[in-house]
Amino acid sequence: MTAPKKTSTARTTRKPRTDAIELLTHDHKEVKALFKDYERLVKADGEDDEKLDIALQICMKLTVHATVEEELFYPAARDALGDDADLVDEADVEHASAKELIAQIGASTPAEDDHFDAKVKVLGEYIDHHVKEEEGEMFPKVKKSDLDLAALGEALAGRKEDLLAELGVTEDA
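Residues numbered from 1 in each chain as written. Predicted model: local features only at pLDDT ≥ 70, side-chain atom pairs only at ≥ 80, totals over all residues. Heavy atoms only, no water.

(A) A look at helix 4 (residues 116-144). Here helix 4 contains 29 residues, and its C-alpha end-to-end distance of 41 Å stays within 8% of the 42 Å for a straight helix at 1.5 Å per residue. Along helix 4, the helix axis deviates most sharply at Met138, where the bend reaches about 35 degrees; the proline Pro140 sits within four residues downstream. Taken together, the buried positions of helix 4 are Phe116, Lys119, Val120, Leu123, Gly124, Ile127, His130, Val131, Glu134, Met138, Phe139 and Val142. Summarising the contacts, the buried residues of helix 4 are in contact with helix 1 (20-43), helix 2 (48-81), helix 3 (86-106) and helix 5 (149-166). (Helix = DSSP H or I, 4+ residues; strand = E, 2+ residues; numbered from the N terminus. Expected span 1.5 Å × (residues − 1). Bend = angle between axes of the 7 residues up to and from the residue. Buried < 20%, exposed > 50% of the residue type's maximum accessible area, 1.4 Å probe, protein only. Contact = heavy atoms within 4.5 Å.)

Dropping the structure here:
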């Protein structure tokens, strides 16, 4: 996968961390906005380089997001949810489908793949469905549990920051 353009943000003051659900919901909103940007470019018959840049940003953000969910949030949610842990199983399966499309998108370009735009669109539809289930079903149940969302949010933010640094991308946490 070609690396997306690096985002550099000077940090003068550190923003206070949010709880785990706020952090994950913020990620969802960022990615949704990128999908809308991509869709606008497609409708405007935008340049392939611009589309590729946005698609790679989407893939990078989703990969980092999925990693922190799978490594930290889902195991904690599974423990906290007990009988409702099947929601986590469904989310894992949804991640696997999204990862397949992310790999296909990352291995091609709009110029060489006639289905590139369709793959990005379908990925957006997968993610939209996934987000609705997380935010509508899983997150409310996790909020009602005794899970320490502030501590988990700190862990998620730290891991996300590490993953972005590994990719050479910096952004405000």
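(B) Quick peek at empty space enclosed by the protein. Scanning the entire structure with this criterion turns up two cavities of 30 Å³ or more. By volume, the second largest cavity amounts to about 50 Å³. Elements with a contribution of two residues or more to the lining of the second largest cavity: helix 3 and helix 4. Tallied by class, residues from the lining of the second largest cavity come to three nonpolar, one polar and four charged. (1 Å grid on protein atoms, 1.4 Å probe; cavity = no way out; pocket = protein on both sides within 12 Å on 5 of 7 lines; lining within 4 Å. Points joined across faces, edges and corners; volume = space filled by probe spheres on them. Nonpolar A, V, L, I, M, F, W, Y, C, P; charged D, E, K, R; others polar.)

(C) Main features of the nonpolar core. Judged by nonpolar contacts, the single largest core of 25 residues is most densely connected at Leu24, Phe73, Met138, Val142 and Leu156. Top element by residues in this core is helix 2. It accounts for eight residues. Every residue in contact with Met138, bar those within four places of it in the chain, is listed here: Phe73, Tyr74, Leu81, Leu87, Val88, Ala91 and Glu133. Membership of the second largest hydrophobic core comes to 21 residues, among which are Ile54, Leu101, Ile105 and Leu123. (Core = buried A, V, L, I, M, F, W, Y, C linked by side-chain atoms within 4.5 Å.)

(D) Spotlight on the side chain of Lys51. When you line up the elements, Lys51 lands in helix 2. A relative accessible area of 6% means that Lys51 is categorised as buried. Not counting residues within four places of it along the chain, the set of residues in contact with Lys51 comprises Tyr38, Leu41, Val42, Gly46, Pro110 and Asp117.

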